[in-house]
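Listed below are the residues making up each chain.
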Amino acid sequence: MPQGHHTEAVSSEEVPAVSVVVPIFNAMPYLRELLDSLAAQDLDATEFEVFLVDDGSTDGGSDYMDEFASRHANVTVVHQENHGWPGQPRNLGIASTNGRYLFFADADDVLAPQALRELVAFADTHGSDVVIPSMAGTHGRIVPPWLYVKTDIDVALPKAFKTLAPQKLYRRSLLADNDILFPEEKVRLEDGIFNAEAYLAAKRISVLGGETLYFLRNRDDGQNISSSGFEPAGYTGSVASICAVVVAAGLDPDVTADVLAGLYRRKCLKIYAPGRFERYSPKRRRAWLDAHGEFIDRFIPVSVENLLPEPYRSRSALARRKDVNALLDLGRNEGRPRLTAAFWGGRYVEDGALELFFEASVVGRFEMPDLVCEIRPRDGNGLIAVPVQRDRRIETVYSKAGLFRALLTPEALNAMRAGTHDFFLTTYINKKYVTARVRRPESSGLPITDSRMHFYGTVQGNLSLSISN
């Protein structure tokens, strides 16, 4: 039976704004940073409670939790025998706390000082049932930043389903009125199953973007639950459970298809990424294909498969056929360095030179190499090659992507012959020549034009230049 240490009971007349629930098993020394960040919250301590569930820790963390609770009247510690998975401790926290909102933190993460105050104020102002905080990774943890760039008061379901982690603010009545709890057995994606039910029951899901409120840590000891290995049938079965909740909700068919395609791409088709499927034994490859075959038959008609971008559509088609050799070949081809390039804009500068800006990235986890812009006349004569440099005025999150600048001097412009010219970015990666045709911008504007030079987008969506005499 769980044994509790509660320094001070909260009366029914003093319901806190938010209850923070933390499942903990052998999280030292990281636990200290989490608890320090909770103690440093600028929300008044009477407005939030912290519920720590010690799930049988053996690393000295149990005593540290009790000592911390003795210094903070809003902290409760419950000690119990190890359950082995976070669903049961989180459910215990739901049942044992009183806050109008619930926030689930992990023992190895950190909250910004303003996190709870801003999340509660946002939910109160906008009537949000679920608020997704802006997040970032630390110590090597990769957290795609696109979701958290800006605040979104009404998040569409396909976007919400791109984050299934439990580190969010939930309105307690949403969970209570819809009997939403975490699965307590040892299943993968238990937080995804929980979130699927919460998202579909919520009247409003929001993202509080901007300054980072929650930091997800990559543990030095490699003990993040998500980093341990998983079994094909069980993991895919959990994805199927999430999809079954989505299908049963009776959403607009296009929304359902969009959500299913996104879950399938992120949770299943990642198995066939370059180098990953190839590392598995023949027996394990077959196990993944068998599990995915059942999932595809149940949830992924060809109409949903056709929503996938490449290379995921090709991965899916081959997985549907259970074609091991073709999947291995596809993965090897995907793993080869591939450059992508798009025109971003351009302008004439004071001395008559022409600045050209490009967005470029390398597919295949390569650092961005030196680039050259080649302007190739279609008649094959008079190629111009211009160095391309990273534009440090606009930095991006990943080193393999960014904004780049090329400068065409007045002399180079005057030397360009009449005719049609096409743009390419080129580089050398692993002693191989790699090139990419520059795509025209997605927006309609191609502002650089004068009496002699006309930039335009081809019917294939590439950037070209027409020069008259």
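All values derive from a computational prediction rather than experimental measurement. (Residues numbered from 1 in each chain as written. Predicted model: local features only at pLDDT ≥ 70, side-chain atom pairs only at ≥ 80, totals over all residues. Heavy atoms only, no water.)

Engineer: How should I be thinking about the packing of helix H11 (residues 282–299) against helix H14 (residues 324–334) in this particular structure?
Structural biologist: Any two packed helices are characterised by the angle at which their axes cross and by the distance between the axes. One way to put it is that H11 packs onto H14 with a least axis distance of 11 Å and a crossing angle of 100°. Put simply, H11 runs roughly perpendicular to H14. Facing Arg285, Arg286 and Leu289 of H11, the residues of H14 in contact are Val324, Leu327 and Leu328. Of the residues that constitute the contact of H11 with H14, the class distribution is 4 nonpolar, no polar and 2 charged. (Axes fitted to C-alpha atoms, helices over the stretch in contact; angles between N-to-C directions. Helix = DSSP H or I, 4+ residues; strand = E, 2+ residues; numbered from the N terminus. Parallel < 35°, antiparallel > 145°, perpendicular 65-115°, else oblique. Contact = heavy atoms within 4.5 Å. Nonpolar A, V, L, I, M, F, W, Y, C, P; charged D, E, K, R; others polar.)

Engineer: How should I be thinking about the environment of Val239 in this particular structure?
Structural biologist: As for its position among the elements, Val239 is in helix H8 (residues 232–248). Take Val239: its relative accessible area is 2%, and that puts it in the buried class. In this structure, the C-alpha to C-alpha distance between Val239 and Leu260, residues 21 residues apart in sequence, is 9.8 Å. (Buried < 20%, exposed > 50% of the residue type's maximum accessible area, 1.4 Å probe, protein only.)

Engineer: Honestly, the pairing of strand S3 (residues 48–55) in this entry has me stumped. Any pointers?
Structural biologist: A regular strand places its side chains so that they alternate between the two faces of the sheet. In terms of burial, S3 is largely enclosed, as 8 of its 8 residues are buried. Alternating residues of S3 divide into Phe48, Val50, Leu52 and Asp54 and Glu49, Phe51, Val53 and Asp55, and every residue in both groups is buried. Sheet topology note: the strand S2 (residues 18–24)/S3 ladder contains 7 bridges and is parallel. Across the sheet, residue Ile24 finds its bridge partner in S3, namely Asp54. Here S3 pairs with strand S4 (residues 75–80) via 6 bridges, running parallel. Bridge pairing in S4 places Val53 opposite Val78. (Pairing = 2+ DSSP bridges.)

Engineer: How should I be thinking about the sheet that holds strand S8 (residues 135–138) in this particular structure?
Structural biologist: In a beta sheet, neighbouring strands are held together by backbone hydrogen bonds and run either parallel or antiparallel to one another. Spatial ordering of the open sheet is given by S6-S11-S8, a layout of 3 strands whose pairing is mixed. Pairing within the sheet leaves two strands with one partner each, and these edge strands are strand S6 (110–111) and S8. Direction of pairing for S8 relative to strand S11 (residues 214–217): parallel, over a ladder of 4 bridges. Pairing of Ala136 across the sheet is with Phe215, part of S11.

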